[in-house]
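# Breakdown of the fold
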Amino acid sequence: MPDLIRRHTVHSFDEELEHLTRQILRMGGLVEQQLATAVRALVDRDEAAAEEVIARDDQVDELEEAIDQEAIRILATRQPLAVDLRMVAMALKISNDLERMADYASNIAKRARSLLEQPALKPLVTIPRMAEVCQEMLRLVLEAYATRDPEKALVAWKRDGEVDQLYVSLFRELLTYILEDPRKTGACIDLLFVAKNLERFGDHTTNIAEKIHYIVYGNRINRMVVEES
Amino acid sequence: MSAETAAPAGDLPAIRLDAPRAAALGAIARKEAPALKARVENLSFWYGDKQALFDISMPIHERRVTALIGPSGCGKSTLLRCFNRMHDLYPGNRYAGRIVLEPEGIDIIAPKTDPMIPRLRIGMVFQKPNPFPKSIYENVAAGLRIRGVRNRAILDEQVEKSLRRAALWEEVKDRLHASAYDLSGGQQQRLCIARALAPEPELLLLDEPTSALDPIATAHIEALIDELRENYTIVIVTHNMQQAARVSQYTAFLHLGKLIEFGPTEEVFTRPRKSMTQDYITGRFG
Ligand SMILES: Nc1ncnc2c1ncn2[C@@H]1O[C@H](COP(=O)(O)OP(=O)(O)OP(=O)(O)O)[C@@H](O)[C@H]1O
Ligand SMILES: [Mg+2]
């Protein structure tokens, strides 16, 4: 582990950085909730849940806006360097990742709404499983972000392969459904979009994991080294 | 294959890189570290019994700006003063190690080296403005007169050019023959910068040159440093971390007379290798 990050001589600077961190965590928590609700809307065919996700997307955007403003104010007033600079710059990028992830959740909710107008398919298994892995990854990176723990971020980062594998197998599964019964094509295409959104959601989680590594070490995750171990 | 490019019978064909690979390797080759203007080698320095510098080794890259940073009293000014043998003026001061001035490889601090050699080739701006008790004009012309310049037209031209470069000309052009002491602190500092620039030294040492300047004059001096870097080598001491990050290509961090970290400025300010450097530049010191 790298050295612990000490406190600044000017304590109000620490407070500002901590506030920024808390804002990111709040935004992350909201995204986590958005995804959970969107997937519930899909699995339970719950229209109210879908509407709830779509309506709440604005809150995520507002948080991103607030984080941007705060980070820019810190850049202007503190002119941070080294680890401080990396923290503030990455807060800007992480909030951008989270905003995209919330968009994916809201896309899933929109597909869930569209699926209500079509006959139900067999009980869904792979999609909830994908969503579960995404949720676990997000929870891990948020914890890793809160504690500046690159090892934990790496654990999340390594799990992205699972999401990709599930996506590939779901793709095949849906294709066979379509071949069996072409009337299900519309529903299957909706589900494919859902899966694609989950796959992208997973990618952004790994982006966040990479940014945590950068905050702590100031360099990129070395894929070759990591994938060998 | 045409007759021209065919290898003579019996010879191995010439090895040729494909264009992208040749371009990539060429780029690596050109990225060679720049030439050195000076080398500090195992430099220690004592004020009488008090050791102020401990075994410092670092390169001074040619046509680059090297920033010296570190807490008050860590030895930045002491190190700069070694370069032009200022310390010789006081008995009891002692050096160990070498400061080699390139390309000739002269050891600046060797007792046998004439102190006038570094003083003529190296310009210095001190932390506290120290104009001579003479006119503004004579302050700037002084370095040229020492070097034997007599021609009035050349002197006038060089004085104006130096004062312009130091962002002082507009404020003093109508009173060039007034005493330098009539200037404000910030103006005196810029006058000293003009004085150091006039003889166009190959190595310029700046000890907190903008600490007394307003943001406009500071911006002019920083722009000047960028411009001078095309032809000169500069070492600058500054307490302003953002300034060091802006104007320099290499940064040295000193602490209690020791060199803690030296590296490309970009790395020192984004991912320093030593936690002591990080604590200092981010305001977590002591
Ligand atoms: N003439 C002197 N005689 C004895 N000790 C000195 C003399 N000049 C400086 N020192 C000591 O040498 C050490 C280094 O001083 P120096 O002036 O080089 O520090 P600095 O890094 O330039 O600090 P600052 O940022 O405050 O200008 C300090 O402990 C200082 O007290
Ligand atoms: Mg000093």
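See the structure above.
So, a few notes on the structure that sits alongside this text. (Residues numbered from 1 in each chain as written. Chains lettered and ligands numbered in written order. Predicted model: local features only at pLDDT ≥ 70, side-chain atom pairs only at ≥ 80, totals over all residues. Heavy atoms only, no water.)

## A closer look at the overall build of chain A
- Within chain A, the regular secondary structure consists of 8 helices and 0 strands.
- Reading the secondary structure of chain A in the N-to-C direction produces α-α-α-α-α-α-α-α.
- Counting every position in chain A, which comprises 229 residues, the buried fraction comes to 49%.
- Surface exposure of chain A reaches about 11200 Å², of which carbon and sulfur atoms provide 54%.
- Charge centroids of chain A, computed over 30 positive and 41 negative side chains, lie 2 Å from each other. (Helix = DSSP H or I, 4+ residues; strand = E, 2+ residues; numbered from the N terminus. Buried < 20%, exposed > 50% of the residue type's maximum accessible area, 1.4 Å probe, protein only. Areas by Shrake-Rupley, 256 points an atom, 1.4 Å probe, with all protein chains shown as cover. Lys, Arg positive; Asp, Glu negative; His and termini not counted. Charge placed at Lys NZ, Arg CZ, Asp CG, Glu CD.)

## A short note on a nonpolar patch on the surface
All names here are of chain B.
- A surface patch of nonpolar side chains, about 280 Å² in accessible area, is lined by M116, L120 and I146.
- Positionally, M116 belongs in helix α3 (residues 116-121).
- For M116, a relative accessible area of 37% translates into the label partly exposed. (Patch = residues over 30% accessible without salt bridge, like charges linked within 9 Å, V, L, I, M, F, W, Y side chains within 5 Å. Salt bridge = Lys/Arg side-chain N within 4 Å of Asp/Glu carboxyl O.)

## Comments concerning the sheet that holds strand β6 (residues 122-125) of chain B
Residues and elements named next belong to chain B.
- Within the open sheet, the 6 strands sit side by side as β6-β7-β8-β3-β9-β10. Their pairing is mixed. Lying at the two open borders of the sheet, with one neighbouring strand each, are β6 and β10 (258-264). Ignoring which end each strand starts from, the neighbouring axes of this sheet average 15° apart.
- Relative to strand β8 (residues 233-237), strand β7 (residues 203-207) runs parallel, the two being bridged by 5 bridges. The partner of L206 across the bridge, within β8, is I236.
- Where helix α2 (residues 76-83) meets the sheet, it contacts β3 (65-69), β6, β7, β8 and β9 (250-255), and its direction lies at approximately 155° from that of β7.
- Helix α8 (residues 215-228) rests against β3, β7 and β8 of the sheet, and its axis sits at about 150° to β8. (Pairing = 2+ DSSP bridges. Axes fitted to C-alpha atoms, helices over the stretch in contact; angles between N-to-C directions. Contact = heavy atoms within 4.5 Å.)

## Some points on unusual backbone geometry
- Note that the residue after E102(B), namely P103(B), is joined by a cis bond; omega there is 10°.
- Backbone geometry at A82(A) places phi at a positive 45°, although glycine is not the residue there.
- Within the secondary structure, A82(A) sits in helix α3 (residues 82-115).
- Phi is positive for R63(B), close to 55°, though the residue is something other than glycine.
- Mapped onto the elements, R63(B) comes out in the loop between β2 (50-61) and β3.

## Some points on the site of ligand 1
Residue and element names in this part refer to chain B.
- Around ligand 1, 14 residues are found, and the nearest of them are S72, G73, K76, T78 and H239.
- Interatomic distance of 2.4 Å between a side-chain N/O atom of S72 and an oxygen atom of ligand 1.
- T78 is positioned such that a nitrogen or oxygen atom in its side chain is 2.4 Å from an oxygen atom of ligand 1.
- Burial of ligand 1 by the surrounding chains reaches 65%, relative to a free accessible area of 640 Å².
- Looking at the shell around ligand 1, the elements that each hand over two or more residues are β2 and α2.
- Element by element, the count of residues in the shell around ligand 1 is highest for α2, at 4 residues.
- Residues of the shell around ligand 1, tallied by class, amount to 3 nonpolar, 7 polar and 4 charged. (Near = heavy atom within 4 Å. Polar contact = N/O pair within 3.5 Å; in protein donor to acceptor, adjacent residues only side chain to side chain. Nonpolar A, V, L, I, M, F, W, Y, C, P; charged D, E, K, R; others polar.)

## Overview of the packing of α3(A) against helix α7 (residues 185-217) of chain A
- Where α3(A) contacts α7(A), the two axes come as close as 9 Å, and the packing angle between them is 170°. Judged by the angle between their axes, α3(A) and α7(A) are roughly antiparallel. (Parallel < 35°, antiparallel > 145°, perpendicular 65-115°, else oblique.)

## Observations regarding the coordination of the magnesium ion (ligand 2)
All names here are of chain B.
- With distances of 2.0 to 2.4 Å, the protein atoms coordinating the magnesium ion (ligand 2) are S77 (OG) and Q127 (OE1). Of this pair, S77 sits in helix α2 while Q127 sits in the loop between β6 and α4 (136-146); the two residues are 50 residues apart in sequence, bridging distant segments of the chain.
- Overall, S77 belongs to the buried group, its relative accessible area being 15%. (Donors = N, O, S within 2.8 Å, 3.2 Å for Na, K, Ca; no water.)

## Digging into the interface of chain B and chain A
- Taken together, the contact pairs 15 residues of chain B with 17 residues of chain A.
- The junction of chain B with chain A conceals about 1300 Å² of combined surface from both sides, 45% of it contributed by carbon and sulfur atoms.
- At the junction of chain B with chain A, the criterion picks out 11 residue pairs in polar contact (both at pLDDT 80 or more).
- Looking at the side of chain B that touches chain A, the elements with two or more residues in it are α9 (241-247), α10 (265-270) and α11 (275-281) of chain B.
- Here the side of chain B that touches chain A gets 4 residues from one element, more than from any other, and that element is α11(B). (Buried area = accessible area lost by both parts, 1.4 Å probe.)

## Section: the nonpolar core
- Of all hydrophobic cores here, the largest spans 71 residues; its most connected members are V31(A), L35(A), L98(A), L138(A), L198(A) and F201(A).
- Going through the elements one at a time, α1 (11-43), α2 (47-78), α3, α4 (126-147), α5 (150-158), α6 (160-180) and α7 of chain A are the ones with two or more residues in this core.
- Counting residues per element, this core draws most heavily on α3(A), at 15 residues.
- Those residues within four positions of F201(A) in sequence are excluded, and the remaining contacts are V31(A), L35(A), M101(A), Y104(A), C134(A) and L138(A).
- Counting 47 residues, the second-largest nonpolar core is a separate cluster that includes L81(A), V65(B), L183(B) and A217(B). (Core = buried A, V, L, I, M, F, W, Y, C linked by side-chain atoms within 4.5 Å.)

## Things to note about the pattern of salt bridges
- Per the counting criterion, the structure on display carries 35 salt bridges over all chains.
- One salt bridge in this structure joins E18(A) and R7(A), with 4.0 Å as the shortest N-O distance. Pair noted here: E18(A) is in helix α1 and R7(A) is in the segment before α1, with a separation of 11 residues, a long-range link.
- With a relative accessible area of 46%, R7(A) lands in the partly exposed category.
- Across the pair E143(A) and K152(A) runs a salt bridge whose closest N-O atoms are separated by 2.9 Å.
- Residue E143(A) is classed as partly exposed on the basis of its relative accessible area, which comes to 39%.
- If you follow the salt bridges from partner to partner, you end up with K37(B), E104(B), R121(B) and E202(B) in one network.

That's the geometry; what it means functionally is another story.
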